[in-house]
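Architecture and fold: a report
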Amino acid sequence: VGRMKPVIVVHGGAGRIFREREEGCRAGVVRAALRGYGVLRHGGSAVDAVEEAVRSMEDDPHFNAGCGSVLNEKGEVEMDAIIMDGKNLDSGAVSAVKCTANPIKLARLVMEKTKHVLLTDHGAHLFAQAMGIPEIPGEKLVTERSRERWKKNLEPDSNPEEFQKDLGTVGAVAIDSEGNVACATSTGGLSNKLIGRVGDTACIGSGGYADNHSGATSTTGHGESIMKVVLARLILYHMEQGMSPEAAADTALDYMKTRVGGLGGVIVVNKAGEWAARFSTKQMSWATVKDDNLHYGIYAGEQHIKSVDEALASEGEGF
């Protein structure tokens, strides 16, 4: 048995969370964190934990990932996802995938069953078929809300930029009892994006990065800005220079804001099991479990704390 106390941190996207969606977002990140922690508590790996947490949010229509993803200019869902194992820097990612309920599962298969890191569009589709991943009709992933928003953004006087502030990328980072770290990130991307647009999520070092030597991080926010500063790797670089997870996150987010005018949010865990959830946007839904305590919030400075057992009881779903 390892000596590390396991930790999981999840985010449900940085941006603006509309009032009527707050409760659903809070409940969604809490559920994801508890599910991921359930894996860790039973001796599961960090990779298993982050995949489980992200899968839980992909299946939740409150988030812009999996079911509930925003639509591209043609009114279709195209999704990106990445997963990374800090033990040996193995990573798998997919971009522009359609008709699959859980892109994070596909990313994990790319990591484990191929010699590649990233598969895209048609090739990712063929690989999913070869792996026996069930194909679901694209419409199954489209919610009423995504459809409404897409229509609104098509109106001549609309400003899609305004809507893109409500970015619901989802992600998770974890450290397991063996001291291994991992990250996972999944998204439907930007509302009314060009067909074939790939953001930061599928890009190693931007949408996420995990290295046992320093820690793991998953990012959310304006994808193009995140890619320009390689945000996930930048945060780990700051931790390698001796910064705490919180200082590293704030420094990197501040740099992204001043250098390219980009806003976003990040979750971080370092190799000692210290964690942070930081954002430069108005809000970011996040939750973490450490030492059998659940912490969660949406607004800057907001942090609720509950015991895991209490949280599980109110979830109404034991493990």
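Residues numbered from 1 in each chain as written. Predicted model: local features only at pLDDT ≥ 70, side-chain atom pairs only at ≥ 80, totals over all residues. Heavy atoms only, no water.

1. A closer look at the UniProt feature "binding site: substrate" (unreviewed entry) in the chain
How we decide: UniProt positions are given in the numbering used here, feature names are shortened, and annotations may be inferred rather than shown by experiment. Every helix listed is a DSSP run of H or I at least four residues long, and every strand listed is a run of E at least two residues long, numbered separately from the N terminus. Burial here depends on accessible area, computed with a 1.4 Å probe over protein chains only, as a share of the maximum for the residue type. Under 20% is buried, over 50% is exposed, and the range in between is partly exposed. A contact between two residues is defined here by any heavy atoms of the two lying within 4.5 Å.
In this structure's numbering, the residues bearing the UniProt feature "binding site: substrate" (unreviewed entry) are Arg 197, Val 198, Gly 199, Asp 200, Thr 220, Gly 221, His 222 and Gly 223. Considering the arrangement of structural elements, one finds Asp 200 in the loop between β6 (181-187) and β7 (208-211). Using a relative accessible area of 4% as the deciding quantity, one classes Asp 200 as buried. When near neighbours in sequence (up to four residues on either side) are disregarded, Asp 200 contacts Ser 206, Gly 207, Thr 219, Gly 223, Ile 226 and Met 227. When residues no more than four places from it in sequence are discounted, the contact partners of Gly 223 are Arg 197 and Asp 200.

2. As for the packing of helix α2 (residues 46-58) against helix α3 (residues 103-113)
Quick reminder of the rule: Orientation is described by axes fitted as lines to C-alpha atoms, over the contacting stretch for helices, and by angles from 0 to 180 degrees between their N-to-C directions. Note that the term roughly parallel is reserved for angles under 35 degrees, roughly antiparallel for angles over 145, roughly perpendicular for angles of 65 to 115, and oblique for everything else.
Following both chains from N to C, one finds α2 and α3 inclined at 150 degrees, their axes separated by 8 Å at the closest point. Regarding the angle of α2 to α3, the classification is roughly antiparallel. The residues of α3 that touch α2, namely those facing Val 47, Asp 48, Glu 51, Val 54, Arg 55 and Glu 58, are Pro 103, Ile 104, Lys 105, Arg 108 and Met 111.

3. Some thoughts on the side chain of Thr 143
To keep things clear, this is the line we draw: Polar contacts, as counted here, are pairs of nitrogen or oxygen atoms within 3.5 Å of one another; within protein the pair requires one atom able to donate a hydrogen and one able to accept it, and residues that are adjacent in sequence qualify only if both atoms are side-chain atoms.
Inspection of the secondary structure puts Thr 143 in the loop between α4 (121-130) and α5 (144-154). Within the local environment of Thr 143, its side chain forms a polar contact with the side chain of Ser 146, the two groups lying 3.0 Å apart.

4. Comments concerning the packing of α3 against α4
Working note: a packed helix pair is described by the angle between its axes plus the distance between those axes. Convention followed: We call Asp, Glu, Lys and Arg charged. Ala, Val, Leu, Ile, Met, Phe, Trp, Tyr, Cys and Pro are nonpolar, and the rest, Gly among them, are polar.
Two elements in contact, α3 and α4, have axes separated by 11 Å at closest approach and are oriented at 80 degrees. For the element pair α3 / α4, the angle class is roughly perpendicular. Residues Leu 106, Leu 109, Val 110 and Lys 113 of α3 form the contact with α4, whose participating residues are Ala 124, Phe 127 and Ala 128. Split into classes, the residues belonging to the contact of α3 with α4 amount to 6 nonpolar, no polar and 1 charged.

5. Re the nonpolar core
Soluble, globular proteins show a tendency: their nonpolar side chains are buried together. Rules: To qualify as a nonpolar core, a set must consist of buried Ala, Val, Leu, Ile, Met, Phe, Trp, Tyr and Cys residues joined through side-chain atoms within 4.5 Å.
Core analysis: the largest hydrophobic core is formed by 54 residues, its most contacted members being Ile 8, Val 10, Ile 83, Ala 287, Val 289 and Leu 294. Setting aside its immediate chain neighbours within four residues, Val 10 contacts Val 29, Ala 32, Ala 33, Ala 53, Met 57, Gly 171, Ala 172, Ile 267, Ser 285, Trp 286 and Ala 287. Core analysis: the next-biggest nonpolar cluster, separate from the first, contains 32 residues, Ala 210, Leu 231, Val 268 and Phe 279 among them.

6. Observations concerning the packing of aromatic side chains
Defined as follows: Each pair of aromatic rings taken from Phe, Tyr and Trp, with Trp reduced to its six-membered ring, is defined by centres within 6.5 Å and is described as stacked if the planes are under 30 degrees apart, edge-to-face if over 60, and tilted in the remaining cases.
Applying the stated criterion across every chain yields a total of 1 aromatic pair. Centroid distance Trp 275 to Trp 286: 5.5 Å. Interplanar angle 40 degrees. Geometry classified as tilted. Of this pair, Trp 275 sits in strand β10 (residues 275-279) while Trp 286 is found in strand β11 (residues 283-290), placing the two residues 11 residues apart along the sequence.

7. Quick word on α2
Basically, it comes down to this: For a helix, the expected span equals 1.5 Å multiplied by the number of residues minus one.
Helix length check: α2, at 13 residues, gives a terminal C-alpha distance of 18 Å against a target of 18 Å (1.5 Å per residue), a fit within 8%. Buried within α2 we find Ala 46, Val 47, Ala 49, Val 50, Glu 51, Glu 52, Ala 53, Val 54, Ser 56, Met 57 and Glu 58. Contacts made by the buried residues of α2 are with β1 (7-15), α1 (19-41), β2 (79-85), α3, β5 (170-175) and β6.

8. Considering the sheet that holds β1
Rules: DSSP-based pairing: two strands are paired if at least 2 bridges between them are found.
With mixed pairing, 9 strands are arranged side by side in an open sheet as β4-β3-β2-β6-β5-β1-β11-β12-β13. One side of each edge strand has no neighbouring strand; the edge strands of this open sheet are β4 (118-120) and β13 (304-307). Within the sheet, the average angular offset between the axes of one strand and its neighbour, ignoring direction, is 10 degrees. In this structure, β2 lies alongside strand β3 (residues 90-97), joined through 6 bridges in antiparallel fashion.

9. Quick word on the sheet that holds β10
On the basis of which strands lie adjacent, the open sheet formed by 4 strands has the order β7-β8-β9-β10 and antiparallel pairing. The open sheet has two edge strands, β7 and β10, and neither has a second partner. For this sheet, the mean angle separating the axes of adjacent strands, direction not counted, is 10 degrees. Relative to strand β9 (residues 264-270), strand β8 (residues 215-221) runs antiparallel, the two being bridged by 7 bridges. Each residue of the ladder has a partner; that of Thr 217, found in β9, is Val 268. Contacts between helix α8 (residues 231-240) and the sheet are confined to β7, β8 and β9, with β8 contributing the most and set at about 140 degrees to the helix.

10. Regarding the pairing of β9
Buried residues dominate β9, accounting for 7 of its 7 residues. Residues Gly 264, Val 266, Val 268 and Asn 270 of β9 are buried on one face, and the alternating residues Gly 265, Ile 267 and Val 269, pointing to the opposite face, are buried as well. By the bridge criterion, 5 bridges tie β9 to β10 in an arrangement that is antiparallel. Bridge pairing in β10 links Val 269 to Trp 275. Between β9 and β10, which pair antiparallel in sequence order, lie 4 residues; one of them, Gly 273, sits at a positive phi of approximately 90 degrees.

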